[in-house]
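Residues per chain are reported as follows:
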Amino acid sequence: MKKHAIIPIFIPHKGCPNDCVFCNQKAITARIKDASAEDVSGIIEKHLTTLRGRNLETTEVAFFGGSFTGIPIEQQSEYLEVAQKYKRQGSIDKIHLSTRPDYIDDEILSNLKKYDVDIIELGVQSFDEEVLRLSNRGHDAAVVEKSCELIHRYGFSLGIQLMIGLPGDTAEKCIYSAGKAVSMKPDIARLYPTIVINDTELMRMFRRGEYEPLTTEAAVEITKQMYRILYEAGINIIRVGLKSTELINEDGVISGGTYHPAFRQLVEATIAREDMLELMQKAKIEKETKGKVIFSSCSRCVSNMAGNNGENKKWFRENYPGIRFSFFADEKIPDGKYVLKSFSEN
């Protein structure tokens, strides 16, 4: 049963002077009216009516839109005052927002502290200087490191968002960014393969032949390596890949195959197959072996063992035709871990 709920509040992108090549938030913002404090209250109330009585451990109000701290500080305060009211009366547990690394300073953080904000996510995207420049991020990696340090100093939980496959990116640069992210000691992370969306400079680059999106297979391979680095460091990876939101569907996507609605499972299933294969090799189970193998994981990961559309089952059947494979849940096993429970030869 789900124990964590997020009440999402989309704050338009106004105030951001940048035109990052992958972003179409300004085009979206032009079609959406400004949210008022009353709108925020209404959104929270609407969600709370469906969340009450569900024995949730944590309920968060999360301000999304990319650059919350880029809007005037007076308006930030109006929104946060509403969220703080619900937090202090016990209706929600945390206040969460996302912003850019160059929209963090002492004045901003002092104000966020005043309103009991808990989590600040930074859209870092990359720690590589060339990737930041070609993506028109408007700041360098030193700004990211300074912002992370300030967020920690003020006692907030830190989140880091990374993108895979931006202009100038390589697998090596992505792995470097994952390692640098770990050194920033975030509590949570998101991994987003780059997709090409209408009303962006990246779309125009794509049409001019100046940018080639990653294939799904390449994006999974790189993201898998980044995922392992973050996971082994104990960082909670709260999202992998973009949701199929109405805005994306409305605006259209040209992805060259990068976008997949179950991208997280593609990544986690690849990791699961590699981990199970390593366990079989350690148990000296050869391809010619005949018998039965039982693997276990926590219930959330059982589908990862089978793979998206049963791809892992198919792979094991083809590569170990003499073995019958079974996958079972065992809640004693930590999330993301796989155990070879038993093996019997015919």
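Refer to the preceding data block for the structure.
Starting from 1, residues in each chain are numbered consecutively following that chain's sequence as written. Where local features are concerned, this predicted model is filtered to residues with pLDDT of at least 70; where side-chain atom pairs are given and counted, the filter is 80 or more; whole-chain, interface and lining totals use all residues. Hydrogens and water are ignored here; the side-chain numbers use all heavy atoms of the structure.

1. Things to note about the pattern of salt bridges
Then step 1. Each reported salt bridge corresponds to a side-chain nitrogen of Lys or Arg within 4 Å of a carboxyl oxygen of Asp or Glu. Enumeration according to the criterion identifies 20 salt bridges in this entry.
Then step 2. A salt bridge links E201 to R204; its shortest N-O distance comes to 3.0 Å. Here the residue E201 and the residue R204 both occupy positions in helix α8 (residues 201-207), the gap between them amounting to 3 residues, near one helical turn.
Then step 3. Think of it in three bands: residues with accessible area under 20% of the maximum for their type are buried, residues over 50% are exposed, and the middle band is partly exposed, with areas taken using a 1.4 Å probe on protein chains only. Overall, E201 belongs to the partly exposed group, its relative accessible area being 26%.
Then step 4. Classification of R204 as partly exposed rests on a relative accessible area of 41%.
Then step 5. A salt bridge links D335 to R300, with the nearest nitrogen and oxygen atoms 2.7 Å apart. Here the residue D335 occupies a position in the loop between β11 (323-329) and β12 (339-345), and R300 occupies one in the loop between β10 (291-297) and α12 (302-306), the gap between them amounting to 35 residues.
Then step 6. Residues joined by salt bridges that share partners form a network here, namely E221, K224, R228, E274 and D275. Runs of H or I in DSSP of at least four residues are treated as helices and runs of E of at least two as strands, each being numbered from the N terminus.

2. Comments concerning the environment of G241
Then step 1. Note that G241 resides in the loop between β8 (236-240) and α10 (246-251).
Then step 2. By relative accessible area, G241 is classed as buried at 3%.
Then step 3. When the C-alpha positions of G241 and L122 are compared, they lie 16 Å apart, and in sequence the two are 119 residues distant.
Then step 4. Here, two residues are considered to be in contact whenever any of their heavy atoms come within 4.5 Å of each other. Each residue touching G241, except ones within four places of it in the same chain, is listed here: L191, Y192, P193 and F263.

3. Describing a negative patch on the surface
Then step 1. For patches, a residue must show more than 30% relative accessible area and have no salt bridge; joins then use 9 Å for like charges and 5 Å for nonpolar side chains, namely Val, Leu, Ile, Met, Phe, Trp and Tyr. Here the accessible surface of atoms and residues is derived via Shrake-Rupley with a 1.4 Å probe, and residues count as covered only by protein chains that are part of the display. Just so you know, the count uses Lys and Arg for positive and Asp and Glu for negative, and it drops His and the chain ends. The atoms used to mark charge sites are NZ of Lys, CZ of Arg, CG of Asp and CD of Glu. A grouping of E38, E74, E78, E81, D105, D106 and E107 is seen on the molecular surface, where their side chains present a negatively charged patch.
Then step 2. For the negative patch, the secondary-structure elements that each account for two or more residues are α3 (73-88) and α4 (106-114).
Then step 3. With 3 residues, α3 is the largest single contributor of residues to the negative patch.
Then step 4. Counting through the fold element by element, D106 comes out in helix α4.

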